[in-house]
Structures are given as structure tokens and as C-alpha cells.
Number of protein chains: 2
Amino acid sequence: MSKARSSKTASKRSRSKSGEAKVVTACLIIIGNEILSGRTKDVNLNHLASRLNEWGVRLTEARVIPDVEATIIAVVNEARGRFDYVFTTGGIGPTHDDITAASIAKAFGVALVRDPQALAIMQRQHKPNDLNQARLKMADVPEGSTLIDNPVSGAPGFQVGNVFVMAGVPLIMQAMLEGLRHRLVGGAPVLSRAVRAFLPEGAVAQGLSALQTRFSELDIGSYPFYRKGTFGVSLVLRGTDQDQLGEAVAALSDLIRSLGAEPIEEPAK
Amino acid sequence: MSKARSSKTASKRSRSKSGEAKVVTACLIIIGNEILSGRTKDVNLNHLASRLNEWGVRLTEARVIPDVEATIIAVVNEARGRFDYVFTTGGIGPTHDDITAASIAKAFGVALVRDPQALAIMQRQHKPNDLNQARLKMADVPEGSTLIDNPVSGAPGFQVGNVFVMAGVPLIMQAMLEGLRHRLVGGAPVLSRAVRAFLPEGAVAQGLSALQTRFSELDIGSYPFYRKGTFGVSLVLRGTDQDQLGEAVAALSDLIRSLGAEPIEEPAK
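Residues numbered from 1 in each chain as written. Chains lettered and ligands numbered in written order. Predicted model: local features only at pLDDT ≥ 70, side-chain atom pairs only at ≥ 80, totals over all residues. Heavy atoms only, no water.

Asker: Help me understand the sheet that holds strand 9 (residues 191-197) of chain A in this model?
Answerer: In sheet architecture, strand pairing relies on hydrogen bonds along the backbone and comes in two forms, parallel and antiparallel. Residue and element names in this part refer to chain A. Judged by pairing direction, the sheet is antiparallel, and its four strands sit side by side in the order 10-11-9-12 without closing on themselves. In the strand order of this sheet, the two ends are held by strand 10 (219-227) and strand 12 (264-266), each with one partner. Here the strands of the sheet are splayed against their neighbours by 25 degrees on average, with no regard to which way each runs. Examined bridge by bridge, strand 9 and strand 11 (residues 230-239) share seven bridges and lie antiparallel to one another. Residue pairing in the sheet places Ser192 in a bridge with Arg238 of strand 11. Lying over the sheet, helix 9 (residues 242-258) contacts strand 9, strand 11 and strand 12, oriented at roughly 10 degrees with respect to strand 9. (Pairing = 2+ DSSP bridges. Helix = DSSP H or I, 4+ residues; strand = E, 2+ residues; numbered from the N terminus. Axes fitted to C-alpha atoms, helices over the stretch in contact; angles between N-to-C directions. Contact = heavy atoms within 4.5 Å.)

Shown next, in the form of C-alpha cells:
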């Protein structure tokens, strides 16, 4: 894929020819030295993961990379070939270290062009004297892009091929993502149930393994915790079939009781 | 590299032949479906980034990947060739979804073996009847590994080649990391200064770009914020030369004053 327009769109992938719901995958690329230096705590990964999940899109990988052109190009090109959707956050402001748009244009092998719509937004926001070169940079997008609305602070993000480029500031990123909901076509939504028990993880492990073998289409995760002076474990079951999940929760509850503890269903997500 | 013992150790890299301090790089691989599903918020990235920075090691990339053997193998093998140090978190518990140790053994092309020291730790912690197969699994490490002490809950992590495998539970991960401090050889520590100004980012961008050109050895980052009803920007300067940082902060302060605002030095990290 060397041109933005030639890249596959994910909207055709959500169902296979037989009409069966397919798994739709996504990758998040967090672009920013400030996350890797420890200065800033990323909160976008967790937000994106939760929202995509609700929309039937599975976040399958996330990468945090520095503001380095060659790295952005390589990672974006690898990800857009491997995943249905790619999201990026960070690096679309007016300063010299904001190199995401230019890097992604190079990744797609297209020119960076001043978008008339984005320019009009910037012109509405700034007096002519204040609209300097740095601010005008925020109207530049890879050729063939579609803008992503920014209801918080104006300067838009953009979509090129299956790559969605968003701001790093969490409030702006979240607002941009909500606006994308109608552009994303999800597969079968992932449902989940979670059961907690005050048992050490090592006690439940063997029975849990048998349960995973029996319900092979479900993804069963085990997460230990320490609460009220006792070791416990949260067991999370994920899948696309509500009935199968119900059966597995019943079997898991029996297992927990057989080990002398009480299963406590948690609000899952 | 197909054997653990043949992989390069980073300890020899911290200084070049000329005696000049070199940049020592690290990659964090966060292994866990629970992070990608949005169920759990990762806090290990930020902690590791901050501590490594203090030790003169630069976190250069982070990846969040699912509990899938082929993915773990591919990502670990790519990272251990590209970075001086690789850290992983997650997937070393007793349950069926804890596949990190076995996957990393495969990545290095070595056998997974029961470590006598790790076994002794597990035997001290559990009565013979409670030391089931699931718990014994936590004593299995790739051949040629060195254990990583776990003062919180016993079951150790391990180091194989330049890869350090730690628990995902933050308290345990943090304790394991502290114990590694003497094993890591850092390069020149990265120093930083930060200056805040109540100016919109777009106003300071042009002067800042000139400053970055003048101080090309420093890494100057610009991070907008919205506080007390006003837009502002935090400008972070990072580098290894304290005097050069001081000069750059003075020049930056002049720039901010020339734009009609007051520079406010922040505690940097």
C-alpha cells in the first residue's frame, strides 16, 4: 500500500461472506516523548480500549513511541497492514515537536497539504495577525484525508486510510473518538462476566484450566488481588455468546464452592 | 541470537571506547489481555519510565500485547535485538493464561526448566499438599535464567539475556525493579528543566523552534494545558549537560517575557 486511497477500509470487513460476525481488530499508537520519560501518565489507552470494546472493536495491541519520524513511519506502516483500524494520539499541535501529520503523510507516500476546511476552522478561531505559521501547521494533513472533528479546541484530527489521527490531550482525544463512532464498523461485541472469590489463585488454577479447555471459545482471565487482609482472585470470562457465558459462570461458581469459597459476581467490563 | 547465553549483555554498552557516556535504551513489554480490554489500568509504564530515567536508562518504546504465545515470541525477539534492556510485566502467575515464562523460553530457543532456588522458595511458602502443579509452574524459568527477587509474595521473576521478566501486579513489579538496580548499567543520566507560561502554545511555537535549532543537543517538548480559565504551556528541556540546560532555560525565559508573559520554573522530571 503506497497511497492512502488504495488502502483497505475496515467497513467491509465486519462480516464474512457467510454473514457471520467477524473479529474487528485495532491498534493504538501513542506518540510522545512525555509518556516514555514518565512526565505524563497516559490515560488514552484505557479509554479507547473500553469504548472500542463497547463498539465491537477489539484493541489488540498498543505501542508507545517517541516523536521520531522514522519510528512513526515504520510503526504506522506495520500497524495499518496488520490491524483493521489504527488510532494514534499525540503530536498534532503547533510546535516543532509535533511531527505526527508530516510523518504519517510520508508513511502513506502522499503529500502533506493544507486542508481548506481545517484552514477555515483556524481562521474562525484566530485573528489574522495571530494566525502564524505555527498555527497554520495544524491545518496540514496527508493528501486524501478526512477530517476528525474537534469540538473542544477547534484544530481537527484526520483519518487517512484505516489510520485515525487524534490529539493527545485526553479531553480532546475523547471528544474526537465519540465523533468517530459512526465511521467504525464493529464485529460481534465482546460480552463479559466476572466472578470474584476469596481464594488464592494457585488453589483455583487447575480447575480453571479445565474450564478453559471445556469452554474453548471463551477467553478466561485470572487476576489475583489482596483485599481485607486476604488473597483473592477475579475471574473474567469474555466471549460473544451470552448463553455460553452463562453456562461457564455456573460451572465456575460450582468450582469455587467445591474449593470452600463463595462466588461473588462482579460488574464486568 | 538463538541461545540465551549468547545474547549481548548491556553492561558493556554504557560507555563507548572513547570513554564517552552512551545512551542506554530500554523497551517495556506489557503482557496482558486485561490492559487491552480496558478492565485494568496499567501503572507500570509510568513507574518504570521514571525509575529508569533516574538510573540513566532511557525507555525508548513500550508495547502492550495480548497473552498470545506467537505474539510474545515475536515481540520479545524483536525488542531484545533493538534495545539494551527489555522489561516485561505480567503473565507469570499460576493459571492457564500465565504463559510468559514458556513463551520467552521459546523466544530464546531454550528449555523451560524448574529452578531449584525458585522451587525452594515455593516450598517454604506452601504446605506440601498445597504445592500443586499450578503453583509449581511458578518455579519454571527459561534455562540459563537468573532469578529476580520478589520480596512481596515470593514467586520470583527472572532475567534471561537482556530480558527482565517481572510480575504485573504493581506492588510486586515495583519491588522486583528495585532489586534490579545494581544489575542495570546506565548511561549519562537525563537531566531536565521545565518552564510554564500562561501563553497559548501557538504563540510560543515559532520562537521555540528557533531555540530547538540553537540547542540541538537538547530535546525540547511543548505540552499545552488549560488551567484557571487560561491556556498555558509547559516547556520541558531534557539533556545530559547541566550548563547547557541552564543556558537554554535562560533563553527560553527571555522568549516568554518577550511575548508578554512570566516564565515559571516547574519541578521537572
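Asker: Quick question: what am I supposed to make of the packing of helix 2 (residues 44-54) of chain B against helix 7 (residues 170-180) of chain B here?
Answerer: Each pair of packed helices can be described by the angle between their axes along with the distance between the axes. Residues and elements named next belong to chain B. Their axes nearest at 10 Å, the elements helix 2 and helix 7 cross at an angle of 20 degrees. The angle between helix 2 and helix 7 falls in the class roughly parallel. Judged by the sense of rotation from one axis to the other, the crossing of helix 2 with helix 7 is right-handed. Where helix 2 abuts helix 7, its residues Asn44, His47, Leu48 and Arg51 lie against Pro170, Met173, Gln174, Leu177 and Glu178. Its residues assigned to classes, the contact of helix 2 with helix 7 shows four nonpolar, three polar and two charged. (Parallel < 35°, antiparallel > 145°, perpendicular 65-115°, else oblique. Left-handed = near helix turned anticlockwise from the far one by under 90°. Nonpolar A, V, L, I, M, F, W, Y, C, P; charged D, E, K, R; others polar.)

Asker: Before we go on, may I ask you to explain the environment of B:Gln125 in this structure?
Answerer: Residues and elements named next belong to chain B. Relative to the helices and strands, Gln125 resides in helix 5 (residues 116-125). Overall, Gln125 belongs to the partly exposed group, its relative accessible area being 42%. Aside from chain neighbours lying at most four places away, what touches Gln125 is Ser153, Gly154 and Ala155. A polar atom in the side chain of Gln125 sits 3.0 Å from the backbone oxygen of Ser153. (Buried < 20%, exposed > 50% of the residue type's maximum accessible area, 1.4 Å probe, protein only. Polar contact = N/O pair within 3.5 Å; in protein donor to acceptor, adjacent residues only side chain to side chain.)

Asker: Help me understand the sheet that holds strand 3 (residues 85-89) of chain B, please; the structure alone is not making it clear to me.
Answerer: Ordered in space as 6(A)-7(A)-8(A)-3(A)-1(A)-2(A)-2(B)-1(B)-3(B)-8(B)-7(B)-6(B), the 12 strands form an open sheet in which the pairing is mixed. Whereas interior strands pair on both sides, the edge strands pair on one side only; in this sheet they are strand 6 (146-148) of chain A together with strand 6 (146-148) of chain B. Direction aside, neighbouring strands of the sheet carry axes that sit 20 degrees apart on average. Pairing of strand 6 of chain A with strand 7 (residues 157-160) of chain A involves three bridges; the strand directions are antiparallel. Opposite A:Leu147, over in strand 7 of chain A, you have A:Phe158 as the bridge partner.

Asker: What is the right way to look at the side chain of B:Arg135 in this model?
Answerer: Along the chain, the position of B:Arg135 falls in helix 6 (residues 133-136). In this structure B:Arg135 is buried but unpaired, with B:Asp130 as the nearest side chain of opposite charge at 4.9 Å. At a separation of 2.9 Å, a polar atom in the side chain of B:Arg135 contacts the main-chain carbonyl oxygen of B:Asp130. Beyond its immediate sequence surroundings of up to four residues, B:Arg135 is in contact with A:Pro200, A:Gly202, A:Ala203, B:Pro94, B:Met122, B:His126 and B:Asp130. (Lys, Arg positive; Asp, Glu negative; His and termini not counted. Salt bridge = Lys/Arg side-chain N within 4 Å of Asp/Glu carboxyl O.)

Asker: Can you walk me through helix 4 (residues 100-108) of chain A in this structure?
Answerer: Residues and elements named next belong to chain A. Where burial is concerned, most of helix 4 is hidden: seven out of the nine residues are buried. Every buried residue of helix 4 is listed here: Thr100, Ala101, Ser103, Ile104, Ala105, Ala107 and Phe108. Directly after helix 4, the chain includes Gly109, whose backbone phi takes a positive value near 65 degrees.

Asker: Which parts of the structure should I look at to understand the side chain of B:Gln212?
Answerer: With respect to the element layout, B:Gln212 can be found in helix 8 (residues 201-214). Polar side-chain contacts of B:Gln212 include one of 3.4 Å to the backbone oxygen of B:Phe215. Excluding residues within four positions of it along the chain, B:Gln212 makes contact with A:His96, B:Leu218, B:Asp219 and B:Ile220.

Asker: Whenever I open this one, the relation of the copies chain B and chain A confuses me. Can you help?
Answerer: Each copy of the chain is related to the other by a rotation around an axis and a translation along that axis. Once chain B has been moved 0.0 Å along the axis and rotated by 180 degrees, it coincides with chain A to within an RMSD of 0.0 Å. Here the copies are linked by what is in effect a two-fold axis. Relative to the rotation axis, the C-alpha of B:Arg63 is the closest in chain B, positioned 2.2 Å from it. The fraction of interface residues of chain B whose copies in chain A are also interface residues reaches 100%, indicating that both copies meet through the same surface. (Least-squares fit on C-alpha atoms with pLDDT ≥ 70 in both.)

Asker: Looking at this structure, how should I read the packing of aromatic side chains?
Answerer: Two aromatic rings, taken as a pair, are described by how far apart their centres are and by the angle between their planes. Enumeration over the complete set of coordinates arrives at eight aromatic pairs over all chains. Seen in terms of ring centroids, A:Tyr85 and A:Phe87 are 6.4 Å apart; in terms of plane orientation they differ by 45 degrees. Their pairing is tilted. Each ring, one from B:Phe87 and one from B:Phe164, has its centre 5.3 Å from the other, and the planes form 25 degrees; the classification is stacked. Here B:Phe87 is found in strand 3, whereas its partner B:Phe164 is found in strand 8 (residues 163-166), with 77 residues between them in sequence. Like B:Phe87, the residue B:Phe164 is buried in the burial classification. The structure contains a cluster of three or more aromatic residues connected by ring pairs, namely A:Tyr85, A:Phe87 and A:Phe164. Positioned over the ring face of A:Phe108 is A:Arg80, at 3.7 Å from the centre of the ring. (Phe/Tyr/Trp six-rings, centres within 6.5 Å; stacked < 30°, edge-to-face > 60°. Lys NZ or Arg CZ within 6 Å of the ring centre and 35° of its normal.)

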